Amino acid sequence: SCQGRCGEKYNKKNTCHCNKKCSKFNNCCTDYDELCSGDRYSCQGRCGEKYNKKNTCHCNKKCAKFNNCCTDYGELCSGDTSSNDADISSEEIKAISEKLYQSDSNKAEDSDIILNKQEMVEKDTTREDLCDEPLYKYVNEALFEKPTYAAFIKLMDNYDRKTGIDETFSPEEVKEQQHFLQEVMKTKPMNELYNFCNQKGLYMSEEEFADDLQKMWFGLYSRSSGETDSSGFEHVFVGEVKKGKVSGFHSWIRFYHLEKKGLLNYFSHNFDGPWTSYPDVLGKQFHWDGYLKEVGSQFIGSSPEFDFAMYSLCFIARPGKKCRISMDGHEMSIQTYEWTKNTYGNGKRYIATAYPEV
């Protein structure tokens, strides 16, 4: 009988067999079709899923260790990085994040940005406007002429900030996404990240890496009532409004441009990192055109490729967990979350959010 044996590996000592190849070799147990057919014995749409003891077979990286993978795991889930089991140590994450920090040649210099931080509060206990002046007193806008900055800024008007409204990309907007990826892939931080992932066996070519980044960041999914109303990129870098509050929004470049236009009102800050040069980290409270952001943490003065590389690193290495990084000898965490309701490719998960934890 195949009772309790569906998907098991071939064993010549068994009289009959219960995996997909038994039909080919005409040696299935008589109840194979009855007990072992159906999606619960396949990894179709299940790659990287969390362990569930009710499942007959499993589709995450630990199944190989415990010898309980579904028979098509290797076929459907090879190269999957959506589980939390990438073979990357905490020390390796700190080392590569330090490299990303040191290689950010397009970051702002000390003289490029002057902040007016004003009032500091404890956590998010204050939701009032305690600052009379804008946060950014001066920004050298020559920064925004650099290729990655210019490509990043072009993406800002491609989204409707309200969840529940379907997003669609015109051919021109898709080209802008591809152009942004092409520009950041030319930079040192992204080169460092690719080389690291390549050495860990996660991606075999830059083309594969860039293609996966486009899908995990720009792939659309439903965060509210809309069928395709959100993406990781929109949430993290552009910002969204859900249930009357600002959600996501972790880009200093986006913040500066909206503040300059009078669409963003800086309230206060609750965290000021130990860094004395850029990139720095700031946690703050603000209104975006009337909608409150209780705590919005951002790298300050970093290049778009630095933010993109650091968030991607933590999502690949520690999806859904705190990711301990190092910048100029100072440690901090980045929190990422996976979008679990939809997948792409062979069960890979989209980015739900990523942000510096303050």
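None of the values given here were measured: they were computed from a predicted structure.

1. Overview of the overall build of the protein
In terms of regular secondary structure, the protein is built from 12 helices and 10 strands. Its C-alpha atoms put the protein at 80 × 40 × 40 Å along the principal axes. Out of the 358 residues in the protein, the part that is buried amounts to 52%. The long-range share in the protein, meaning contacts at least 24 apart out of those at least 6 apart in sequence, stands at 60%. Looking at the protein as shown, the accessible area adds up to about 17,100 Å², and 45% of this sits on carbon and sulfur atoms. Across the protein, 47 positive and 56 negative side-chain charges occur, with their mean positions spaced 8 Å apart.

2. With respect to the sheet that holds strand E10 (residues 348-357)
Either a parallel or an antiparallel arrangement is found when strands of a sheet pair, and the pairing is made through backbone hydrogen bonds. In spatial order, the strands read E8-E9-E10; together these 3 strands make up an open sheet with antiparallel pairing. The open sheet has two edge strands, strand E8 (322-327) and E10, and neither has a second partner. Geometrically, the sheet is characterised by an average inter-axis angle of 35° between neighbouring strands, direction not taken into account. Against the sheet, helix H5 (residues 90-102) engages E8 and strand E9 (330-344), with an angle of about 50° to E8.

3. Comments concerning helix H9 (residues 206-218)
Taking 1.5 Å of rise per residue, the 13 residues of H9 would be expected to cover 18 Å, and the 18 Å separating its terminal C-alpha atoms lies within 8% of that figure. For H9, the complete set of buried residues consists of Phe209, Ala210, Asp212, Leu213, Met216, Trp217 and Phe218. Contact partners of the buried residues in H9: helix H7 (171-184), helix H8 (188-199), helix H10 (232-238), helix H12 (304-317), E9 and E10.

4. Side note on a negative patch on the surface
On the surface, Glu119, Asp129, Asp132 and Glu133 cluster together to form a negatively charged patch. Looking at the element boundaries, Glu119 is found in the loop between strand E1 (113-115) and strand E2 (136-139). Owing to a relative accessible area of 42%, Glu119 belongs among the partly exposed residues under this scheme.

5. Overview of the state of the cysteines
According to the stated counting rule, one finds 3 disulfides in the structure shown. With its sulfur 2.2 Å from that of its partner, Cys314 forms a disulfide with Cys323. One disulfide, between Cys314 and Cys323, carries an S-S torsion of -70° and so falls in the left-handed class. Cysteine Cys197 remains unbridged, with the sulfur of Cys314 as its closest cysteine sulfur at 11 Å.

6. Examining the environment of Ser105
Mapped onto the fold, Ser105 is located in the loop between H5 and E1. With 83 residues separating them in the primary sequence, Ser105 and Lys188 have C-alpha atoms 7.7 Å apart. Not counting chain neighbours up to four residues away, the residues in contact with Ser105 comprise Lys146 and Lys188.

7. Observations concerning the packing of H8 against H12
Where H8 contacts H12, the two axes come as close as 8 Å, and the packing angle between them is 20°. Taken together, the axis directions place H8 and H12 in an arrangement best described as roughly parallel. The hand of the H8/H12 crossing is left-handed. Here H8 contributes Pro189, Met190, Leu193, Phe196 and Cys197 to the contact with H12, which in turn contributes Glu305, Phe308, Ala309, Ser312, Leu313 and Ile316.

8. Some thoughts on the confidence of the model for the protein
Averaged over all residues, the pLDDT of the protein is 88; the fraction at 70 or higher stands at 92%. This model gives residues 79-85 a pLDDT under 50, and the stretch forms 27 contacts once residues within four places in sequence are excluded.

9. Considering the pattern of salt bridges
Charged atoms that come close allow side chains of opposite charge to pair. Tallied over the entire structure, the rule returns 14 salt bridges. Notably, a salt bridge pairs Asp272 with Lys117, separated by 2.7 Å at the nearest N-O pair. Separated by 155 residues along the polypeptide, Asp272 in strand E5 (residues 264-272) and Lys117 in the loop between E1 and E2 bring together distant segments of the chain. Here Asp272 falls in the partly exposed class, since its relative accessible area comes to 31%. Owing to a relative accessible area of 23%, Lys117 belongs among the partly exposed residues under this scheme. One salt-bridge network, held together by shared partners, links Glu91, Lys94, Arg324 and Glu331.

10. Structural notes on the nonpolar core
Phe209, Trp217, Phe233, Trp252, Phe308 and Met327 are the most contacted members of the largest nonpolar core, which has 80 residues in total. The greatest single-element share of this core, amounting to 10 residues, is contributed by H12. Non-local contacts of Trp252, meaning those with residues more than four positions away in its chain, are made with Ile113, Tyr136, Val139, Leu143, Phe144, Tyr149, Gln298, Phe299, Ile300, Gly301 and Ser302. If you look at the next biggest cluster of nonpolar residues, it comprises 10 residues, including Cys69, Cys70, Leu76 and Cys77.

Scoring rules and cut-offs
Residues numbered from 1 in each chain as written. Predicted model: local features only at pLDDT ≥ 70, side-chain atom pairs only at ≥ 80, totals over all residues. Heavy atoms only, no water. Helix = DSSP H or I, 4+ residues; strand = E, 2+ residues; numbered from the N terminus. Buried < 20%, exposed > 50% of the residue type's maximum accessible area, 1.4 Å probe, protein only. Contact = heavy atoms within 4.5 Å. Areas by Shrake-Rupley, 256 points an atom, 1.4 Å probe, with all protein chains shown as cover. Lys, Arg positive; Asp, Glu negative; His and termini not counted. Charge placed at Lys NZ, Arg CZ, Asp CG, Glu CD. Pairing = 2+ DSSP bridges. Axes fitted to C-alpha atoms, helices over the stretch in contact; angles between N-to-C directions. Expected span 1.5 Å × (residues − 1). Patch = residues over 30% accessible without salt bridge, like charges linked within 9 Å, V, L, I, M, F, W, Y side chains within 5 Å. Salt bridge = Lys/Arg side-chain N within 4 Å of Asp/Glu carboxyl O. Disulfide = S-S within 2.5 Å. Parallel < 35°, antiparallel > 145°, perpendicular 65-115°, else oblique. Left-handed = near helix turned anticlockwise from the far one by under 90°. pLDDT = per-residue confidence, 0-100. Core = buried A, V, L, I, M, F, W, Y, C linked by side-chain atoms within 4.5 Å.

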